[in-house]
Amino acid sequence: MLEHYPAVATAAGLVSSPQLRRMGTIGGNVCVDTRCNYYNQSYSWRKAIGFCMKKDGDVCLVAPGSPRCWAVSSSDTAPALWSLGARVRLVSPDGERVIPVASLFRDDGIEYLAKRGDEILTEILLPPADGWRSTYLKLRRRGSFDFPVLGVAAAVRMDGDVVREARIVLGAVASLPREAARAAEALVGERLQADVIARAADLAASPSKPLDNTDFTHPYRKKMTRVYVARALRRLAGEPEIERSLEGIH
Ligand SMILES: Cc1cc2nc3c(=O)[nH]c(=O)nc-3n(C[C@H](O)[C@H](O)[C@H](O)COP(=O)(O)OP(=O)(O)OC[C@H]3O[C@@H](n4cnc5c(N)ncnc54)[C@H](O)[C@@H]3O)c2cc1C
Ligand code: SF4
C-alpha cells in the first residue's frame, strides 16, 4: 500500500491514535460522521445552548439562517481514496452495487452519505497504481492525534516529467470531501515546477470553504489550503516541501 498508494497509506496512518486504528475499520472511517464544535459535545453542553439541527434542535448555530447543517467531513482516508479513483462495493438485502468514492458523499452535514441505510460498505477497490504518484497532508492542532481541520490528497499520473492526469481532493473544508478540479486541470500537460505549482495552489483555495465550526479560524484554514496544496505538489515533484517564503508560517 505504501509503495503503490502512498496517499491512502499516509492518510490511514494519520487516523486518530494507534489504539483506535487497531480497532477501527477503513469502511467505518470512510463512513465516519461529520463533525462540528456545536455538536461534538456532551448532552448537557448541547442542552445549555438549545441544541442544533443535527440533533434535538431545529436551528444551525453556525449559520442560523441556513436550512441545512454544515458539519464537516472529517475522514482522512476518504479524500485520499477519492484522489486515486477508488470505488466502493455496497451490499444490501436487495443486492450490491459498486460506485466511485466520489459519489458516496452528499453535501449535507446530516445526510452526508449517498448510500442507503441498509447498505454496508464491504470492499474498497483501487485501480492499478499504473504511473500514479500520490500523497496526503493533514493539518491538525496536535501532532499525536486529532481530527483533520484540513486534508489535502493529491495524485498525479506522469508521462516522463509531464503531468498527464491529476486529482486534488480537499478534506475537512466542507460537509463532504471536495475536489479541486480546476487546480488539477492546471497541472495537466505541465511539468511540476514552481510557477505551475503556485498557480494550482491558488486555484485550489477557491473550493475550500471552511466555516467557523471546527478547530483553528476558518480564514486560517482557507489560507492553509494554498500552502498545503503547494507542499503536496512539491512532495510529488520530489522537491523540498517548504517554500522559503512561507517558512515560519506554520
Ligand atoms: C478520539 C478520536 C479521534 C479520531 N481521530 C480521527 C482522525 O484524526 N481522522 C479520522 O479520519 N478519523 C478519526 N476518528 C474516527 C475513527 O478513528 C474511525 O475511523 C472511525 O470511527 C471508524 O471506526 P469503526 O470502523 O469502528 O467505525 P464506526 O465508528 O463504528 O462507524 C462509523 C460510522 O460508519 C458506519 N459504518 C461503519 N462501518 C461501516 C460499513 N462497513 N459500511 C457502512 N457503514 C459503516 C457506522 O454506522 C457509523 O455511522 C477518531 C475517532 C475518535 C474516537
Ligand atoms: S453545522 Fe449547524 S446544524 Fe450542523 S452540527 Fe453545527 S451547529 Fe449543528
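Just so you know, these numbers come straight off a predicted model, no measurement behind them.

Trainee: What's the story with the overall build of the chain in this structure? I'm lost.
Mentor: When you go through the chain residue by residue, the secondary structure sums to eight helices and seven strands. Computed over C-alpha atoms, the radius of gyration of the chain comes to 18 Å, within 12% of the 18 Å expected from 2.2 N^0.38 for 250 residues, which places it in the range of a compact globule. Per-residue burial for the chain yields a buried fraction of 46% across its 250 residues. By sequence separation, contacts in the chain at least 24 residues apart represent 60% of the contacts at least 6 residues apart. Of the side chains in the chain, 35 bear a positive and 29 a negative charge, and the two mean positions are spaced by 4 Å.

Trainee: I would appreciate a short explanation of the pairing of strand S2 (residues 95–100) in the present structure.
Mentor: Within a regular strand, the side chains alternate between the two sheet faces. The pairing of strand S1 (residues 87–92) with S2 spans six bridges and is antiparallel. Residue Ser 92 lies in a different strand from S2, and its bridge partner there is Gly 95.

Trainee: Whenever I open this one, the packing of helix H7 (residues 194–205) against helix H8 (residues 218–236) confuses me. Can you help?
Mentor: Packing of H7 against H8 brings their axes to within 8 Å, and their N-to-C directions diverge by 145°. The handedness of the crossing between H7 and H8 comes out as right-handed. Judged by residue contacts, Ile 197, Ala 198, Ala 200, Ala 201, Asp 202, Ala 204 and Ala 205 of H7 engage Lys 222, Thr 225, Arg 226, Val 229, Ala 230, Leu 233 and Arg 234 from H8. When grouped by side-chain class, the residues that make up the contact of H7 with H8 number nine nonpolar, one polar and four charged.

Trainee: Can you help me understand the packing of aromatic side chains in this one?
Mentor: Geometrically, a pair of aromatic rings is defined through the distance of the ring centres and the angle of the planes. Under the definition given, this model contains three aromatic pairs. Ring centres of Tyr 38 and Trp 45 lie 6.4 Å apart, and the angle between their planes is 55°; this geometry places the pair in the tilted category. Taking the relative accessible area as the measure of exposure, Tyr 38 reaches 28% and is therefore partly exposed. On the basis of an interplanar angle of 50° and a centroid distance of 5.4 Å, the ring pair of Tyr 43 and Phe 51 is categorised as tilted.

Trainee: How should the sheet that holds S2 be read in this particular structure?
Mentor: Sheet strands pair via backbone hydrogen bonds, and the direction of the pair is either parallel or antiparallel. Taken in spatial order, the three strands line up as S2-S1-S3 in an open sheet, and their pairing is antiparallel. Here the strands that pair on one side only, and so sit at the sheet edges, are S2 and strand S3 (120–125). Taken over all neighbouring pairs, the strand axes of this sheet differ in orientation by 25° on average, direction set aside. For S1 and S3, the ladder comprises five bridges, and the chain directions are antiparallel. Paired with Arg 87 across the two strands is Leu 125, which belongs to S3.

Trainee: Can you walk me through the site of ligand 1 in this structure?
Mentor: Taken together, 21 residues form the shell around ligand 1, and within it Ser 16, Thr 25, Asn 29, Asp 76 and Leu 121 come nearest. Between ligand 1 and Asp 76 there is a distance of 2.7 Å, counted from a nitrogen atom to a side-chain nitrogen or oxygen. Protein contacts shield 64% of the accessible area of ligand 1, which totals 960 Å² for the unbound molecule. Elements with a contribution of two residues or more to the shell around ligand 1: helix H3 (26–30) and S3. Residues belonging to the shell around ligand 1 are distributed by class as follows: 10 nonpolar, seven polar and four charged. Two domains each provide a minimum of three residues to the shell around ligand 1, namely domain 1 (6–125) and domain 2 (132–246).

Trainee: Looking at this structure, how should I read the site of ligand 2?
Mentor: In the vicinity of ligand 2 lie 13 residues, with Cys 36, Cys 52, Cys 60, Cys 69 and Trp 70 positioned nearest. Put simply, ligand 2 lies in the largest cavity. By residue class, the composition of the shell around ligand 2 is 11 nonpolar, one polar and one charged.

Trainee: Please clarify how the pattern of salt bridges should be interpreted in this entry.
Mentor: Evaluated as defined, the whole model comprises 17 salt bridges. The partner of Arg 68 in a salt bridge is Asp 107, and the shortest N-O contact between them spans 3.3 Å. Linking Arg 68 in the loop between helix H4 (43–48) and helix H5 (77–83) with Asp 107 in the loop between S2 and S3, this pair joins segments that are 39 residues apart in sequence. The class of Arg 68 is buried, set by a relative accessible area of 15%. In this structure, Asp 202 and Arg 226 form a salt bridge, with 2.8 Å as the shortest nitrogen-oxygen distance. With a gap of 24 residues between them, Asp 202 in helix H7 and Arg 226 in helix H8 connect regions that are remote in the sequence.

Trainee: When you look at empty space enclosed by the protein in this model, what are you seeing that I'm missing?
Mentor: Unfilled space is identified by rolling a water-sized probe across the atoms. Applying the stated rule across the entire model yields two cavities of 30 Å³ or more. Taken together, 13 residues form the lining of the largest cavity, with Cys 36, Cys 52, Cys 60, Val 62 and Cys 69 sitting closest to its centre. In the lining of the largest cavity, the residues fall into 11 nonpolar, one polar and one charged. As for the second largest cavity, its lining consists of Val 30, Val 32, Asp 33, Thr 34, Ser 73, Ser 74, Ser 75, Ala 78, Phe 105, Tyr 112 and Ser 175. A class-by-class count of the residues in the lining of the second largest cavity yields five nonpolar, five polar and one charged.

Conventions we followed
Residues numbered from 1 in each chain as written. Chains lettered and ligands numbered in written order. Predicted model: local features only at pLDDT ≥ 70, side-chain atom pairs only at ≥ 80, totals over all residues. Heavy atoms only, no water. Helix = DSSP H or I, 4+ residues; strand = E, 2+ residues; numbered from the N terminus. Rg over C-alpha atoms; globule rule 2.2 N^0.38 Å. Buried < 20%, exposed > 50% of the residue type's maximum accessible area, 1.4 Å probe, protein only. Contact = heavy atoms within 4.5 Å. Lys, Arg positive; Asp, Glu negative; His and termini not counted. Charge placed at Lys NZ, Arg CZ, Asp CG, Glu CD. Pairing = 2+ DSSP bridges. Axes fitted to C-alpha atoms, helices over the stretch in contact; angles between N-to-C directions. Left-handed = near helix turned anticlockwise from the far one by under 90°. Nonpolar A, V, L, I, M, F, W, Y, C, P; charged D, E, K, R; others polar. Phe/Tyr/Trp six-rings, centres within 6.5 Å; stacked < 30°, edge-to-face > 60°. Near = heavy atom within 4 Å. Polar contact = N/O pair within 3.5 Å; in protein donor to acceptor, adjacent residues only side chain to side chain. Areas by Shrake-Rupley, 256 points an atom, 1.4 Å probe, with all protein chains shown as cover. Domains from an automatic or database assignment. 1 Å grid on protein atoms, 1.4 Å probe; cavity = no way out; pocket = protein on both sides within 12 Å on 5 of 7 lines; lining within 4 Å. Sits in = over half its atoms within 2 Å of the grid points. Salt bridge = Lys/Arg side-chain N within 4 Å of Asp/Glu carboxyl O. Points joined across faces, edges and corners; volume = space filled by probe spheres on them.

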